Amino acid sequence: MMAGMPIWRQDDELSLVAGCASVWWLDLSGPFGDCPTGVDWTILLPDGVDILDPGHRPHFGTGPDAHRPHVERDGQRLFLSFPGFLPGENHRRPMSEPTSWCDLHWPLVVIASRQADGAEVQIERRAVGDSDERAITLLVHGRADELAVPEQRRCVHLQFWPWFSGEEQAELAATLRRCGFSDCSLNWHGVGIPRLPADAYALTARTLRRVIPGVQVWIGGLPGADTALPRAEALYGQQIPFVASPEAAIHRGPDLVVASERTWCEAVQADGVMIALEEPAAVDTDAMPAHCFSAASRQRFAQELDLPSAPDPIAILQQHREAWVDFCCRQMVRLLQVARLGHGGIPLAVCAYGPGGPARSESSADWQQLAEVADILVYAHAEPPSGSPAEHWGYTRLGGTPQSWWAHWHDPMGTIPDRRLAAADARMQLALSGGLGVRIGGWASLDGAIQAQLMEWR
């Protein structure tokens, strides 16, 4: 039985840049259905390809530690034995945490030389008495000489970064430096990414500053209106027995929000705070539970609209849909104003996404209020900005997490359909936004083909 491709985001080839570190994400789902006893991998690497030792990675007891493999190396042959129950290709959601991807992928940091160009990586997976074999061709791009620093700001979002060892982080950061990135965004939150100690991000920030001279480190201190307060609760040991809607954070727990924001900014000595917010919509879903139909939010909504009583969610959907979205936009702005009290005066950048994708043209007029709070607005521009007091950066989206099923269900924002257009799209976004900066989303998608494009674009 032949299953899907075992390495995320590869077609017929695996692309690398000679001498530059890349990440291969191994798909741990069972290739033949549910695997009660885990999956074993054998990877035969061609000459000129090296895997950095994953044995020095920190142990957090969460995320990829759920299936931390036993690793052996015999020359160019790598043996990985992943323990524990692993769900089948189509059985992930009912058998595992539905919003978690990082315990179902294992990253390997790879460096290759030009002599490996055109060679094949041999992969064998074994589980429940069956096996699956793959041969994937390597495409190794040439490495240019030391490159000039781009004049414009280039920012990359570094989800998952603290899980790598110090050596791996340093090699990956060297690749980012050669790709011209001047800004790195560390998000301590994220759907599907467990929360880690602040020290882990402090070490990551220190490595980035050592390897990339002059880098600006941003921290994602506010994960969204519906999750800021619960995370602050967990950090400070205080329980709030209701859904932490924006209303709750603004009027019942602002001190916790401010303290949490200050903790994360100070931990990494952040040069700025960069957060991602999706425009509220009149919906109530698992992925966006609270923009929010909690009793406190509906009561505040009724007060602002002079309604005789708080409408129930059905009445909001049927009679007050547009007014509700406008109210939620105001709540988000108010929450940002509270959060900024903990930022210590450093810049705030908001990645503002519309409900149908990252394009600003799809957003409501009230969502433009973010420009009154943020110093920088980041989004995929469809046209030049007009009349906004904030600085604007463009946004090029390469892709989300390696977990494609998760991205399909929970991450509807559009991505670049053709990786060959990545640098061209970034140049277009830079021009449309005003030429000051561009954010490139999805560092995990920076395979060799995209790295080569970014190195050539100066």
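Residues numbered from 1 in each chain as written. Predicted model: local features only at pLDDT ≥ 70, side-chain atom pairs only at ≥ 80, totals over all residues. Heavy atoms only, no water.

### Section: the overall build of the protein chain
Basically, it comes down to this: In this description a helix means any DSSP run of H or I spanning at least four residues, a strand means any run of E spanning at least two, and both kinds are numbered starting from the N terminus. Relative accessibility decides the category of a residue: with a 1.4 Å probe and only protein chains considered, values under 20% of the type maximum give buried, values over 50% give exposed, and everything between is partly exposed. Only heavy atoms matter for contacts: two residues are in contact if any of them lie within 4.5 Å across the pair. Every accessible area reported is derived by Shrake-Rupley at a probe size of 1.4 Å, with residue values counting cover from the shown protein chains alone.
For the protein chain, the count of helices and strands is twelve helices and 17 strands. When each of the 458 residues of the protein chain is scored for burial, the buried share is 56%. Excluding contacts between residues fewer than 6 apart, the proportion of contacts in the protein chain whose partners are at least 24 apart in sequence is 76%. For the protein chain, the exposed surface amounts to about 18600 Å²; the carbon and sulfur share of it is 50%.

### Examining the pairing of strand β17 (residues 437-441)
Put simply, the test is: Should DSSP find at least two bridges between two strands, the strands are regarded as paired.
Burial analysis of β17 places five of its five residues in the buried class, the great majority of the element. Bridge count between strand β10 (residues 153-157) and β17: four bridges; the pairing is parallel. Directly across from R153, in β17, lies its bridge partner G437. Here strand β16 (residues 391-397) pairs with β17 via four bridges, running parallel. Its bridge partner lying in β17, G394 is registered against V438.

### Concerning unusual backbone geometry
A positive phi is found at F160, a non-glycine position, where the angle reads about 75°. By relative accessible area, which is 3% here, F160 ends up buried. Notably, D306 is not glycine yet its phi reads approximately 55°, a positive angle.

### With respect to helix α11 (residues 422-433)
Each turn of an α-helix holds 3.6 residues, which means side chains three or four residues apart point in the same direction. Operational definition: Under the convention used throughout, the expected extent of a helix is 1.5 Å for every residue step, that is, one less than its residue count. This arc is built from the directions going out from the helix axis to the C-beta atoms.
Between the first and last C-alpha of α11 there are 16 Å, a value that for twelve residues agrees with the 16 Å anticipated at 1.5 Å per step. All of the buried residues along α11 are A422, A423, D425, A426, Q429, L430 and S433. Take α11 and look down its axis: the buried residues cluster within an arc of 160°, on one side only. Elements in contact with the buried residues of α11: β16, β17 and α12 (448-456). Looking one or two places after α11, you find G434, whose phi comes out positive at around 120°.

### Notes on the sheet that holds β17
Stated precisely, the cut-off is as follows: Every axis corresponds to a line fitted to the C-alpha atoms, with the helix fit spanning only the stretch in contact, and the corresponding angles, defined between N-to-C directions, vary from 0 to 180 degrees.
As summarised here, the arrangement of the eight strands in space is β10-β11-β12-β13-β14-β15-β16-β17, forming a closed barrel in which the pairing is parallel. Across this sheet, the average inter-strand angle for adjacent strands is 25°, counted without regard to direction. Summarising the sheet, strand β12 (residues 216-220) and strand β13 (residues 272-278) pair through two bridges and their orientation is parallel. What sits directly across from I219, in β13, is V273. Where helix α9 (residues 321-339) meets the sheet, its contacts fall on β13 and β14 (348-353), and the angle it forms with β13 comes to roughly 165°.

### Regarding the pattern of salt bridges
For clarity, the cut-off: For this analysis, a salt bridge means a side-chain nitrogen from Lys or Arg found within 4 Å of a carboxyl oxygen belonging to Asp or Glu.
Applying the stated criterion to the full structure yields twelve salt bridges. For E124, the salt bridge goes to R126, with nearest N and O atoms at 3.6 Å. Several salt bridges share partner residues, and in doing so they unite R125, D132 and R134 into one network.

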